[in-house]
Amino acid sequence: MGPAAYTEGEQFQRERRTLFAHAWLPFAASAQLAAAGDFVSHSIGGWPLFAIRGDDGVAHGFHNVCRHQSMPVVEQTVGSCEVLRCRYHGWSYAKTGEFLDSPPRVAPNDLREKLSLNAVELCERDGFCMLRVQPRGTEPPRLLLPTSRFATAITTDIDANWKAVVEALLADQDCQFVWPLAFTAKAEADLGIMRQVVPRSFSRTRIVDLIFGANDPTDDLAACRSRASAAKAAAETCQRARAEALAPTPSDEAVEFLRNVALTTPTRGSRSSRFVMQTLLERWRVGALSFSSRFRNS
Ligand code: FES
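Every value quoted in this text rests on a predicted model; they were computed, and no experiment measured them.

Trainee: In this structure, what is going on with the overall build of the protein? I would like to understand it.
Mentor: A count of helices and strands for the protein gives 6 helices and 15 strands. A burial count over the protein gives 34% of its 298 residues as buried. Expressed as a percentage of contacts within the protein between residues at least 6 apart in sequence, the contacts between residues at least 24 apart total 58%.

Trainee: Got a minute to help me understand helix α4 (residues 217-242) in this structure?
Mentor: With 26 residues, α4 should cover 38 Å at 1.5 Å per step; its first-to-last C-alpha distance of 37 Å lies within 8% of that length. Taken together, the buried positions of α4 are Ala-231, Ala-235, Cys-238, Gln-239 and Arg-242. On its buried side, α4 packs onto α1 (4-7), β11 (150-158), α3 (162-170) and β15 (205-212).

Trainee: Mind showing me how you'd approach helix α2 (residues 9-20) here?
Mentor: One turn of an α-helix holds 3.6 residues; hence residues three or four places apart share an orientation. Three or more residues of α2 are buried, namely Gln-11, Phe-12, Glu-15, Leu-19 and Phe-20. Down the axis, α2 shows its buried residues gathered within 100 degrees of arc, on one side only.

Trainee: I'm lost on the nonpolar core in this one. Help?
Mentor: As a rule of thumb, soluble globular proteins bury nonpolar side chains together. Leu-25, Ala-51, Cys-129, Leu-131 and Val-165 are the most contacted members of the largest nonpolar core, which has 65 residues in total. When residues in this core are grouped by element, the largest group, 6 residues, is from α3. Two domains each put at least three residues into this core: domain 1 (25-140) and domain 2 (141-271). Apart from residues lying up to four places away in sequence, Ala-51 is in contact with Phe-27, Ala-28, Leu-33, Phe-39, Val-40, Ala-59, His-60, Gly-61, Leu-122, Cys-129 and Leu-131.

Trainee: Is there a simple way to think about the sheet that holds strand β6 (residues 84-85) in this case?
Mentor: Across a sheet, paired strands are connected by hydrogen bonds in the backbone, their directions being either parallel or antiparallel. Here we have 3 strands laid out as an open sheet, ordered β6-β7-β8, and antiparallel in their pairing. Bordering the open sheet on either side are β6 and β8 (99-101), each of which pairs with just one other strand. The pairing of β6 with strand β7 (residues 92-93) spans 2 bridges and is antiparallel. Bridging from a neighbouring strand, Arg-85 pairs with Ser-92 of β7.

Trainee: Would you mind going over the environment of Asn-161 with me for this structure?
Mentor: Topologically, Asn-161 is positioned in the loop between β11 and α3. Asn-161 sits in the buried class, given 28 other C-beta atoms within 10 Å.

Trainee: Any chance you could explain the packing of α3 against α4 here in plain terms?
Mentor: Any two packed helices are characterised by how steeply their axes cross, that is the angle between the axes, and by the distance between the axes. Contact geometry of α3 with α4 gives a least axis separation of 8 Å together with a crossing angle of 120 degrees. Between α3 and α4, the angle falls in the class oblique. Crossing hand, α3 versus α4: right-handed. Every residue of α4 that contacts α3 at Ala-164, Val-165, Glu-167, Ala-168 and Leu-169 is listed here: Ala-231, Ala-234, Ala-235, Cys-238, Gln-239 and Arg-242. Partitioning the contact of α3 with α4 into residue classes produces 8 nonpolar, 1 polar and 2 charged.

Trainee: Looking at this structure, how should I read the sheet that holds strand β1 (residues 25-29)?
Mentor: Strands sit in the order β1-β10-β9-β4-β3-β2-β5 across an open sheet of 7 strands; the sheet is antiparallel. This sheet does not close on itself; its edge strands, each paired only once, are β1 and β5 (78-80). The mean inter-strand angle of the sheet, taken between neighbouring strand axes irrespective of direction, is 30 degrees. Here strand β2 (residues 38-44) runs beside β5; their pairing, made up of 3 bridges, is antiparallel. Paired with Val-40 across the bridge in β5 is Val-78.

So, how was this worked out
In every chain, residue numbers begin from 1 and rise along the written sequence. Whole-chain, interface and lining totals are the exception, using all residues; otherwise, since this is a predicted model, local features are given only for residues with pLDDT of at least 70 and side-chain atom pairs are given and counted only at 80 or more. We count a stretch as a helix when DSSP gives it H or I for four or more residues in a row; a strand needs E for two or more, and each element gets its number in order from the N terminus. Neighbour counting defines burial: a residue surrounded by 20 or more other C-beta atoms within 10 Å of its own C-beta is buried, one with 12 or fewer is exposed, and intermediate counts give partly exposed, using backbone-placed C-beta atoms. In this description, any two residues whose backbone-derived C-beta atoms lie within 7 Å of each other are considered to be in contact. Working rule for helices: expected span equals 1.5 Å times residues minus one. The arc in question is traced by the directions running from the helix axis to the C-beta atoms. By definition, a nonpolar core groups buried Ala, Val, Leu, Ile, Met, Phe, Trp, Tyr and Cys residues that connect through C-beta atoms lying within 7 Å of each other. Domain segmentation is taken from an automatic or database assignment of domains. For two strands to pair, DSSP has to find at least two bridges joining them. Axis definition: a line fitted to C-alpha atoms, over the contacting stretch in the case of helices. Angles run 0 to 180 degrees between N-to-C directions. Roughly parallel refers to an angle under 35 degrees, roughly antiparallel to one over 145, roughly perpendicular to one between 65 and 115, and oblique to any angle outside these ranges. Crossing chirality is assigned from the near helix's rotation relative to the far helix, an anticlockwise turn below a right angle marking it left-handed and a clockwise turn marking it right-handed. Each residue is assigned to one class: nonpolar for Ala, Val, Leu, Ile, Met, Phe, Trp, Tyr, Cys and Pro, charged for Asp, Glu, Lys and Arg, and polar for all the others, Gly among them.

Here it is, written out as structure tokens:
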């Protein structure tokens with residue numbers, strides 16, 4: 001991939017539509033949504049999303065977009081609430097997304113049933129929640145989270161495109177990469193880390209390290225913070241290198257990763273785009289034939 005894929009928004013918009021929209025996005029440890037009303041929000045690949053635990057113990061995922069004037073419904077990354085109330089004009093929603101109420105001066109004209117928050121698919125298993133914006137039939141990956149107790153989350157913001165961040169993290173042999181945005185790692189025997197990559201824009205990425213089993217909060221968390229700082233430095237170095245024509249050759253793992261990105265984000269006229277078009281034409285042809293046979297049989 002050329003420098004523009006790391007420094008301009010066009011490729012990021014393709015990734016948003018064809019990769020992030022259909023992928024299972026690592027979102028939150030179940031322990032972060034321990035009680036009813038607990039929520040976690042992230043903006044991933046341009047999709048503002050949040051997950052919240054309902055009163056019945058089931059976690060739900062939504063677009064973080066108010067149905068009144070499209071402002072964010074929750075504004076903290078992590079929090080808890082009894083009712084979801086948009087702070088802009090006061091529309092409120094249940095934890096299951098249903099529209100509840102609004103102040104009379106901004107009351108909706110539409111039917112209340114039509115004003116629920118837009119839901120996204122959420123899969124919770126093995127102690128972790130993953131979200132998917134547009135279903136596409138694939139099973140979520142197994143993440144094999146550490147079994148020890150959840151301790152905390154460490155958030156690190158990085159001035160780099162998400163591909164440079166993943167490439168830098170792939171160099172860590174203690175981490176297992178789970179396409180497209182997760183790493184599981186075991187720092188020490190009693191300390192487990194699950195690392196989420198959160199692409200926020202084409203030039204900014206967040207990593208969220210979910211820490212499990214920190215026995216000595218001071219030393220263990222200091223070690224985790226220093227590990228996150230090292231990842232940030234490596235990713236920003238990788239970004240500078242990829243933004244220049246003289247970038248070093250990627251590792252085998254990075255080549256494989258970049259090939260997958262290219263396959264899922266085809267540009268018009270590329271080999272992968274022709275492959276996608278051929279697949280679509282083949283599906284259309286099959287659909288057309290079955291339509292013809294139904295027509296003939298009628
Ligand atoms: S944008 Fe949410 S109440 Fe107006």
